[in-house]
Amino acid sequence: MSGASLSPVLKQATPVVVESAAGSWIHGVDGRDYLDFTTGIGVTSTGHCHPDVVAAAQAQCAKIIHAQYTTVLHKPLLELTEKLGEHLPDGIDSVFYANSGSEAVEAAVRLARMATGRQYIVTVQRGFHGRTVAAASLTTAGTKFSAGFGPLMSGVATTPFPDALRLKMSVDDAVDYALAEFDFLLATRVNPSEIAGVLVEPFLGDGGYIAVPPRFLSGLAERARAHGALMIFDEVQAGVGRTGKFWGHQHTEGLVPDIMITAKGIASGFPISAIAAPESIMAKAWPGSQGGTYGGNAVAAAAGVATLGVIDREGLVENSRARGAQLLDALRADLSGVSEICDIRGTGLMLAVEFGDPTAPAGGAASADAARLAAAVQQACIDEDLLTLTCGPTGSIVRIIPPLVVTADEIDTGAARFGRAVRRVVGAQS
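Report follows, based on the coordinates. In this text the structure is predicted, and so the values were computed from the model without any measurement.

Glancing now at the layout of surface pockets. Here the second largest pocket is characterised by a volume of approximately 510 Å³. Residue lining of the second largest pocket: 24 residues in total, with Arg126, Asp163, Arg166, Pro358 and Pro393 positioned closest to the centre. Of all the elements in the fold, those that place two or more residues in the lining of the second largest pocket are helix 6 (164-167), strand 12 (350-355) and helix 12 (365-383). Classifying every residue of the lining of the second largest pocket gives 12 nonpolar, 7 polar and 5 charged.

Okay, here's the thing in structure tokens:
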């Protein structure tokens, strides 16, 4: 009888096999200790195996593991809803739980269409919203997420992102351009009366780890509401303290979404996601449109309660801001003379180092060289016992995602290791 193996399409970013992990560190079966600046793609917000989260999950496992929440309710879900409510924007007071970011995105789109009776969702270019059919139809962070299984979901239109670096513009000029293009989209492709919602990440995730300019977010919201459409924020990666504020959109003063999506860091690695909206909007979902076997699982909910408690008690949102600024300063000081790097950016503990020329045609030789360089640096980091990931439409960006519990000493260690990896790769290519 032959054994099974993982799908060959699941290419591992690192060769590391984990023995155990704690805080910012992964201990491999190879006996090496790796500084983890990937955090499960921004998931282990309180670090690996935080004692409070472990204790909450262990205790819940001894009570009830699964209680399907449209059949019977359980205390962890009620407690999580109350705790999450302390952090939700004003007026956002109703929550629906699912398992993954993709599921939550699809639930948000369904709600927007049902609440408005309209069909179109306008997305922003370079956004990542998931790999399931509807979520992939909304994703433009790279063709690999949506190619090969069409036709995709209809009723989707995409508007440009104000990418100042790629457009070779000032941020203000890029915002003016992108908002004008949004207006042009409404004049040429989508009648405003048919828009159910405008979906955007306040900080681009897989699309490049770029902060969305506040004036662009405000401009989108003004236009959406002028036309009776709902503003939907995908906070799956940027939320729960990642950017130095609890929600990424809070960097834009006075802006409140109509529907907000969260997942990843909300439960320190346990699978749970949610959408939140005013009850007046949530109540417009059709009967039977919300549900799921595993959504709001009791153990995941208990871990979520513990996670939010740790974030509050340990001041992790402020730590994210401070440690992120420390790491950004260290990387810029160390790597400012590396000509192969075109940008070092970040907000909170969501940082990126971009290689090559962002204006080079995708698929061309220069674009391919930048992607190879980023991949080589990411692999060289492993030799330095530092774990990072790549991202971006052409793979030319190394993203750095420490846990919110990372210490000042660990930031210094990580910056030094990253700098050595970059210099070794750049030196080898000289």
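Here we come to the sheet that holds strand 15 (residues 397-400). Here we have 4 strands laid out as an open sheet, ordered 11-12-15-14, and antiparallel in their pairing. Each edge of the open sheet is held by one strand with a lone partner, namely strand 11 (341-347) and strand 14 (389-391). Adjacent strand axes in the sheet meet at a mean angle of 25 degrees, parallel and antiparallel pairs treated alike. Where strand 12 and strand 15 come together, 4 bridges link them in antiparallel fashion. The residue bridging glutamate 354 from the neighbouring strand is isoleucine 397, located in strand 15. Contacts from helix 11 (residues 316-335) reach strand 11, strand 12 and strand 15 within the one sheet, and its direction differs from that of strand 11 by about 165 degrees.

As a further point, take the sheet that holds strand 3 (residues 33-36). Read from one edge to the other, the open sheet built from 4 strands follows the order 1-2-3-13, with strand pairing classed as mixed. What marks the edges here is a single partner per strand, and that holds for strand 1 (18-22) and strand 13 (386-387). Looking at chain direction, strand 1 and strand 2 (residues 25-28) are connected through 4 bridges and run antiparallel. The residue bridging alanine 22 from the neighbouring strand is tryptophan 25, located in strand 2.

Moving on: the packing of helix 2 (residues 51-61) against helix 10 (residues 298-313). Put simply, helix 2 and helix 10 touch, their axes get as near as 8 Å, and they point 155 degrees apart. Judged by the angle between their axes, helix 2 and helix 10 are roughly antiparallel. You can see that helix 2 and helix 10 cross each other, and the crossing is right-handed. Residues Asp52, Val53, Ala56, Ala57, Gln60 and Cys61 of helix 2 pack against Ala298, Val299, Ala302, Ala303, Ala306, Thr307, Val310 and Arg313 of helix 10.

The rules behind these values
Residues numbered from 1 in each chain as written. Predicted model: local features only at pLDDT ≥ 70, side-chain atom pairs only at ≥ 80, totals over all residues. Heavy atoms only, no water. 1 Å grid on protein atoms, 1.4 Å probe; cavity = no way out; pocket = protein on both sides within 12 Å on 5 of 7 lines; lining within 4 Å. Points joined across faces, edges and corners; volume = space filled by probe spheres on them. Helix = DSSP H or I, 4+ residues; strand = E, 2+ residues; numbered from the N terminus. Nonpolar A, V, L, I, M, F, W, Y, C, P; charged D, E, K, R; others polar. Pairing = 2+ DSSP bridges. Axes fitted to C-alpha atoms, helices over the stretch in contact; angles between N-to-C directions. Contact = heavy atoms within 4.5 Å. Parallel < 35°, antiparallel > 145°, perpendicular 65-115°, else oblique. Left-handed = near helix turned anticlockwise from the far one by under 90°.

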